[in-house]
Each structure stands twice: as structure tokens, then as C-alpha cells.
Amino acid sequence: MTLRSTLTPLLATLALGAAAAPAHATPDQDRRAVADLDTAYQAAVERNDAVAMAKILHPQMILVLGDGQVRTGEDLLVLARTRAITYERQVEDEGTQSVRLYGPDTAIVTARLWLKGVRGSRAFDRRLWFSDTYVRTPEGWRYVFGQASLDLPNSVGVGPE
């Protein structure tokens, strides 16, 4: 067991706790909670951890891919449960994450994402930009909407199928 595999579930648990922070959190506390939650979500996707993903996803979550395809939260959970993709990497490039608050109950995370792995028999290694929208619910911050760019130049392999 690696240090990363040991710490990642712990960080996800801490992020979920922070995401459920009371509504009287300061803007800086909200930005940190959402940043940590989004990082935990990417780690859960990398591990195909549908349980952790489900705790972060809003029930009405949708993701719009760069090619125009739309995925629901349940679609993403099915991909994780079936391990349709094996990830070597699903991480935000260091220093690219930005969290902006819009009122007390909406936050948008933008970052450049590095995805590397195998889907079926096809390897991929690419980077893209994404925007993830989080809303505050009675249960804490939840990921409700995402939009991903097309693969950035110099990416290798295939895009999502």
C-alpha cells in the first residue's frame, strides 16, 4: 500500500467534512472547502471510487464534455463501478486551480486536468480545462455541473468515447 493510496481516502473524508461546514463559513473557508472537495472528487474518479463520488455529486449533476456529449452523475458512477476506465492519472495540474464564489451558495472551480489511462484497449494521455460548479445544500457543498474542454494540443491518445 502506498502513501498516496493511504492518504487519498483520508483526504476525501476530511474534504467531505469541510464541505458540510455551516452556512456561516467565511468566503475563504468556503473557497478552501470547495477546492479540497474538487481535489477529492478527482482522486475518487482516479480510483473509480463510486461511493466517494456519490457523496460529492449532486443528485441532478450533469457534465458536458468538449465534444458536446452530456453525462449524468449516474453515468459517471456507472463508469466508476464498472471500471470502464483505468486511470494512472486524474489530477489537476498544480497551480491551475481557481475557486470563485458567486453569492453564499455557488462556487465555480476551474483547473487544468491531466488524464492518463486506458479505456478498453485504447490508451490516452491528455490535458484539458474544466469548470465545475458546486452549490451549497443542507448536506454541504455538492458538485452539480461540469464542463470540460476539448483535449489541449499535444495530448496523446483518444478522447472520451
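In this convention, every chain numbers its residues from 1, walking through the sequence in written order. Side-chain atom pairs in this predicted model are given and counted only at pLDDT of 80 or more, local residue features only at pLDDT of at least 70, and totals for whole chains, interfaces and linings cover all residues. Where side-chain values are given, they derive from all heavy atoms of the structure, hydrogens and water being excluded.

**Here's the deal with the side chain of R136**
- Structurally, R136 is set in strand β6 (residues 122-137).
- Within the structure, R136 has its side chain in polar contact with the backbone oxygen of P104 (distance 2.7 Å). Runs of E in the DSSP output that reach at least two residues are strands. Runs of H or I that reach at least four are helices, and both are numbered from the N terminus. Think of a polar contact as two N or O atoms within 3.5 Å of one another; within protein, one of them needs to be a possible hydrogen donor and the other a possible acceptor, and neighboring residues in sequence only count if both atoms come from side chains.

**Section: the packing of aromatic side chains**
- Aromatic contacts are taken between Phe, Tyr and Trp rings whose centres are within 6.5 Å, Trp giving its six-membered ring; a plane angle under 30 degrees counts as stacked, one over 60 as edge-to-face, and the others as tilted. One pass over the full model with this rule turns up three aromatic pairs.
- Note on Y41 and Y143: the rings are 5.1 Å apart at their centroids and 75° apart in plane angle, and the pair reads as edge-to-face. Within this pair, whereas Y41 is found in helix α2 (residues 27-47), its partner Y143 is found in strand β7 (residues 140-148), the two being separated by 102 residues in sequence. In this structure, Y41 and Y143 share a single accessibility class: buried.
- When the ring of Y134 is compared with that of Y143, the centres are 5.3 Å apart and the planes differ by 20°; the resulting orientation is stacked. Of the two residues, Y134 and Y143, both sit in the buried class.
- Here a set of aromatic residues connected by ring pairs shows up, and it is made of Y41, Y134 and Y143.
- As a reminder, the over-ring test applies to NZ of lysine and CZ of arginine, requiring each to be within 6 Å of the ring centre and within 35 degrees of the ring normal. Over the aromatic face of F124 sits the side chain of R126, whose NZ or CZ is 4.5 Å from the ring centroid. Here the term buried applies to any residue with accessible area under 20% of the maximum for its type, exposed to any over 50%, and partly exposed to those in between, with areas from a 1.4 Å probe on protein chains only.

**Some points on the confidence of the model for the protein**
- pLDDT measures how confident the predictor is about each residue, on a scale from 0 to 100. With 81% of its residues at a pLDDT of at least 70, the protein reaches an overall mean of 88.
- Throughout residues 10-14 the model reports pLDDT below 50, and contacts reaching past four residues in sequence, or to other chains, amount to one contact. The contact criterion used throughout is that any non-hydrogen atoms of two residues lie within 4.5 Å.

**Thoughts on unusual backbone geometry**
- For N48, which is not a glycine, the phi torsion comes out positive at approximately 55°.
- Take N48: its relative accessible area is 10%, and that puts it in the buried class.
- Backbone geometry places R83, a non-glycine residue, at a positive phi of 55°.
- Overall, R83 belongs to the exposed group, its relative accessible area being 51%.

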